[in-house]
Amino acid sequence: MTEEIDRVNELTNFISTKTGVKGLVDAEITEVPRIFHVPSSILSNNRPSDITGLNLTVPIIDLGDRNTSSRNDIVSKIKEAAEKWGFFQVINHGVPLTVLEEIKESVRRFHEEDPVVKNQYIPTDNNKRFVYNNNFDLYHSSPMNWRDSFTCYIAPDPPNPEEIPLACRSAVIEYTKHVMELGAVLFQLLSEALGLDSEILKRMDCLKGLFMICHYYPPCPQPDLTLGISKHTDNSFLTLLLQDQIGGLQVLHEDYWVDVPPVPGALVVNIGDFMQLITNDKFLSVEHRVRANKDGPRISVACFFSSSLSPNSTVYGPIKELLSDENPAKYKDITIPEYTAGYLANIFDEKSYLSNYKI
Ligand code: OGA
Ligand code: NI
């Protein structure tokens, strides 16, 4: 009981500073407060004793030749990655390097603004498009994450430019324009990888909603005590992630946390829960997490294709063309807002929220 009271006190202190994790680092703390501590059993990562025959490298797929006779090759690599890893990196994806650099730089710029500027974006109601939330995890009993993040709804109803802070306004608009274009390409390739019409995922409106979370992981004085993001799967059809050169992203593969190494100019693509559901488990939404690091700040930009909480009555279930007597539907139908509400309430639970919808 007193431990719980201590925790609540520590949380309350942390919230009342209103300066996020970056504020702790700016205050030159040398020890990670207990509200951030993760049990060491969770952080440990025992390599499987027998790794012969295990390929522990997240696939890197070159999209450069996608409109040539190499397309089938690319589709089969994407199919294998989506089925076995749920994660892959893409290069030659068409988003210019300058656009990637500028969005990372602008995310850093916002997070390094004076707290007075950032705190104007702490939400007072639910209608804000751009939200700076340095206490996102406080409502959960699980440990706090070593990061500050801001979120922005981009599609289907784009924000007015004035709703986005100046520090990142033009970069967010420019980057998400490219993300929508690359998303269209990826949904086509994934449709083909399912053996279906290349427009099917687009017709199902997988590309319609875009939500972004921009993370800032400050350097951590004791990175072996906490996590940048606890393990989770994504509440999306597909996620496109841009990470900087620091590293720390890990994906669970064959019961082993495999690093997703930074590759200059690459984007990380991962399958989200909705895609696993509509593909009836053919494509996997895989757990991932981010280690805290000493060398940061680490910047990453996650773009989620899904309209999340915005009203959308479309019902999603396993795609009929993929089902047969031998492969019956494994999931109940969902709507995205209903799923998202439950997902957020259970975000860092032990078991993936998708399993609640298994038939
Ligand atoms: C996420 C996520 C990973 C990263 O935002 O869902 O998994 O590297 N981010 O920041
Ligand atoms: Ni994620």
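Our subject is the structure that appears above.
Residues numbered from 1 in each chain as written. Chains lettered and ligands numbered in written order. Predicted model: local features only at pLDDT ≥ 70, side-chain atom pairs only at ≥ 80, totals over all residues. Heavy atoms only, no water.

1. Examining the pattern of salt bridges
According to the stated counting rule, one finds 16 salt bridges in the structure shown. When the shortest N-O distance is used, the salt bridge between Lys-22 and Asp-26 registers 2.9 Å. Of the two residues, Lys-22 and Asp-26 both sit in helix H2 (residues 20–26), four residues apart, roughly one turn of that helix. For Lys-22, a relative accessible area of 13% translates into the label buried. For Asp-26, a relative accessible area of 52% gives the class exposed. (Salt bridge = Lys/Arg side-chain N within 4 Å of Asp/Glu carboxyl O. Helix = DSSP H or I, 4+ residues; strand = E, 2+ residues; numbered from the N terminus. Buried < 20%, exposed > 50% of the residue type's maximum accessible area, 1.4 Å probe, protein only.)

2. Here's the deal with the sheet that holds strand S3 (residues 130–133)
Reading across the sheet, the eight strands line up as S1-S2-S10-S7-S12-S5-S4-S3 and stay open at both edges, with mixed pairing between neighbours. Across the chains shown, the open sheet's two edge strands, defined by having one partner strand only, are strand S1 (60–62) and S3. Strand-to-strand twist of the sheet, defined as the mean angle between neighbouring strand axes without regard to direction, takes the value 25°. Looking at chain direction, strand S4 (residues 148–155) and strand S5 (residues 210–217) are connected through seven bridges and run antiparallel. Opposite Thr-151, over in S5, you have Ile-213 as the bridge partner. (Pairing = 2+ DSSP bridges. Axes fitted to C-alpha atoms, helices over the stretch in contact; angles between N-to-C directions.)

3. Examining the site of ligand 1
Ligand 1 sits among 13 residues. The nearest are His-215, Tyr-217, His-232, Arg-298 and Ser-300. Separating an oxygen atom of ligand 1 from a side-chain N or O atom of His-232 is a distance of 3.0 Å. Burial of ligand 1 by the protein amounts to 96% of the accessible area it has alone, namely 290 Å². Looking at the shell around ligand 1, the elements with two or more residues in it are S5, strand S6 (227–232), strand S11 (288–291) and strand S12 (298–305). If you tally residues by element for the shell around ligand 1, the top one is S12, at four residues. Looking at the shell around ligand 1 residue by residue, the class counts come to seven nonpolar, four polar and two charged. (Near = heavy atom within 4 Å. Polar contact = N/O pair within 3.5 Å; in protein donor to acceptor, adjacent residues only side chain to side chain. Areas by Shrake-Rupley, 256 points an atom, 1.4 Å probe, with all protein chains shown as cover. Nonpolar A, V, L, I, M, F, W, Y, C, P; charged D, E, K, R; others polar.)

4. Some remarks on empty space enclosed by the protein
As enumerated under the stated definition, the model contains three cavities of 30 Å³ or more in all. Of the voids in this model, the largest cavity is the one considered here, and its volume is about 80 Å³. Taken together, Lys-231, His-232, Thr-233, Glu-287, Tyr-343, Asn-346, Ile-347, Asp-349, Lys-351, Ser-352 and Tyr-353 make up the lining of the largest cavity. Tallied by class, residues from the lining of the largest cavity come to three nonpolar, four polar and four charged. (1 Å grid on protein atoms, 1.4 Å probe; cavity = no way out; pocket = protein on both sides within 12 Å on 5 of 7 lines; lining within 4 Å. Points joined across faces, edges and corners; volume = space filled by probe spheres on them.)

5. Some words on the nonpolar core
Within the largest apolar cluster, 94 residues are counted, with the highest numbers of intra-cluster contacts made by Tyr-175, Phe-187, Leu-190, Leu-201 and Met-212. With eleven residues, helix H7 (residues 169–193) is the largest single contributor of residues to this core. Sequence-distant contacts of Leu-190, defined by excluding residues within four places in its chain, comprise Ile-78, Ala-82, Leu-201, Leu-238, Ile-271, Met-275 and Phe-283. Of all hydrophobic cores here, the second largest spans eleven residues; its members include Leu-24, Val-32, Ile-35 and Ala-292. (Core = buried A, V, L, I, M, F, W, Y, C linked by side-chain atoms within 4.5 Å. Contact = heavy atoms within 4.5 Å.)

Shape is all these values report; function is a separate question.
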